Amino acid sequence: MLQRVLATAVPFLRACLLTKVAGVVMRWVKQGLVFVPSGEGGWMNSHAQVPAVLVRGDVLRIYFSTRPSAGMSLPAYIDVRTDDPSRMLAVHESPLLELGPAGSFDEHGVMPAMLVERDNVILMYYGGWSRLAGKAPYLNSSGVAISRDGGTSFERLFPGPILTRTAREPSSATVSWIVIDADGLWHMWYSTGTHWVQGDDRMEPVYVICQAWSRDGIDWVRDGRPILPPVQADEAQIRPTILYHGDAWHMWFSHRSSTDFRDGKGAYRIGYARSTDLRRWQRDDRAAGIGVSESGWDSKMLAYPCVVTTPKEVLMFYNGNGFGASGFGWARLEK
């Protein structure tokens, strides 16, 4: 059953992207906030981090990670109208997955990253994290869960991670995006940790975006080679979102400095890259088409973009200040 499901699954967000030609700056028109947690279900007490969107006709189901308390992350979702995501239809008020058992890779956090859907079977790829006792405070790995009821509830496929640190990638491995090509080859973009640097009061991670390949969505071959050139020393890159248009693939991603990045001048911004073969990418952050606002919830940080195509338009969902503490909002791509 599982192998048949995985062999036929297709990414829920692969669609045509209405965009401009390379070299012309695209413009996103911000529409404001969508959701800020305020105690929903008695446990969504802060953060709505890393939105991952499932298009379901006239409804968008937006998965995200929220925090019952400091040092704990659990997955949830809301439903909003496709034609007006500012209009919320429903809130799923219980965690989609509970924390993993003692000693597991997701003992302290479960953060949805990507949904893959076919025939009401949905795979949720997620980042799991666990606290460490040494100088580095935590470890990030990646797992997968399955839903057979349209994405309302999930169960883990395995107790362990499908992507974690290796002999050549010793720090972390966090899945971000998946595309399945016409030949059935799965392409994954993930962030691998390269090293830790000393911050003002803690160790801070440095990570780069790499690529992996699979025939079944479970066993991945990876080479650990960064696909994007850094724009500064110790730059951290994460959360690419990828869509196809015409003869090219388009990527938006998060990047930050390793200093003064907690709402400071080194905070996350959204970058852009373009590819014709899913292997070689040309980075041009000027073409991202979106920047921080002069004031308000996204005036210091832009992070974790998720770009989707609806029947009428292209939308971006993203986090603002505080890594999702200020919730997530949305923007329309100007036609």
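For the structure itself, consult the block above.
Residues numbered from 1 in each chain as written. Predicted model: local features only at pLDDT ≥ 70, side-chain atom pairs only at ≥ 80, totals over all residues. Heavy atoms only, no water.

1. Observations concerning the side chain of D181
Phase 1 of the analysis: Along the chain, the position of D181 falls in the loop between β11 (173–180) and β12 (186–198).
Phase 2 of the analysis: With no salt bridge to any partner, buried D181 finds its closest opposite charge in R215, at an N-O distance of 5.6 Å.
Phase 3 of the analysis: Looking at D181, its side chain comes within polar contact range of the main-chain nitrogen of D183, at 2.9 Å.
Phase 4 of the analysis: Side-chain polar atoms of D181 contact the backbone nitrogen of L185, separated by 3.0 Å. (Helix = DSSP H or I, 4+ residues; strand = E, 2+ residues; numbered from the N terminus. Buried < 20%, exposed > 50% of the residue type's maximum accessible area, 1.4 Å probe, protein only. Lys, Arg positive; Asp, Glu negative; His and termini not counted. Salt bridge = Lys/Arg side-chain N within 4 Å of Asp/Glu carboxyl O. Polar contact = N/O pair within 3.5 Å; in protein donor to acceptor, adjacent residues only side chain to side chain.)

2. Remarks on the pattern of salt bridges
Phase 1 of the analysis: For the structure shown, the criterion picks out 17 salt bridges.
Phase 2 of the analysis: Here R56 makes a salt bridge to E117, at a shortest N to O gap of 3.3 Å. Of this pair, R56 sits in strand β3 (residues 46–56) while E117 sits in strand β7 (residues 109–118), placing them 61 residues apart in sequence.
Phase 3 of the analysis: The exposure class of R56 is partly exposed, given its relative accessible area of 26%.
Phase 4 of the analysis: For E117, a relative accessible area of 19% puts it in the buried group.
Phase 5 of the analysis: A salt bridge links R202 to E204; its shortest N-O distance comes to 4.0 Å.
Phase 6 of the analysis: Assessed through its relative accessible area of 38%, R202 is described here as partly exposed.
Phase 7 of the analysis: According to the relative accessible area criterion, E204 is buried, its value standing at 5%.
Phase 8 of the analysis: Among the ionic contacts, a cluster of salt bridges with common partners joins D201, R202, E204 and R262.

3. Examining the packing of aromatic side chains
Any aromatic ring pair is given by two values, namely how distant the centres are and how the planes are angled relative to each other.
Phase 1 of the analysis: Following the criterion strictly, the structure yields 17 aromatic pairs and no others.
Phase 2 of the analysis: Judged by centre distance (6.4 Å) and plane angle (80 degrees), the ring pair of W186 and W220 falls under edge-to-face. Of the two residues, W186 sits in strand β12 while W220 sits in the loop between β13 (203–214) and β14 (221–222), which places them 34 residues apart along the sequence. For the pair W186 and W220, one class covers both residues: buried.
Phase 3 of the analysis: Aromatic side chains W297 and Y318 sit 5.2 Å apart centroid to centroid with 25 degrees between the ring planes, which places their arrangement in the stacked category. Note that W297 is positioned in the loop between β18 (282–283) and β19 (303–309) and Y318 in strand β20 (residues 314–319), a separation of 21 residues in sequence. Residue W297 shares its accessibility class with Y318, and that shared class is buried. (Phe/Tyr/Trp six-rings, centres within 6.5 Å; stacked < 30°, edge-to-face > 60°.)

4. Comments concerning the nonpolar core
Phase 1 of the analysis: Ranked by size, the top nonpolar core spans 55 residues in total, and within it V34, Y125, W189, M251, W281, F317 and F328 carry the most contacts.
Phase 2 of the analysis: Formed by 17 residues, the second largest nonpolar core is a distinct cluster that contains M26, W252, A287 and W297. (Core = buried A, V, L, I, M, F, W, Y, C linked by side-chain atoms within 4.5 Å.)

5. As for the pairing of strand β8 (residues 121–131)
Phase 1 of the analysis: Here β8 lies mainly inside the structure; 10 of its 11 residues are buried.
Phase 2 of the analysis: Pairing geometry for β7 and β8, over 9 bridges, is antiparallel. Residue M111 lies in a different strand from β8, and its bridge partner there is G127.
Phase 3 of the analysis: Taken together, β7 and the strand that follows it, β8, pair antiparallel across an intervening segment of 2 residues, in which D119 is found at a positive phi of about 50 degrees.
Phase 4 of the analysis: Pairing of β8 with strand β9 (residues 138–147), which is carried by 10 bridges, proceeds in the antiparallel orientation. Pairing of M124 across the sheet is with A145, part of β9. (Pairing = 2+ DSSP bridges.)

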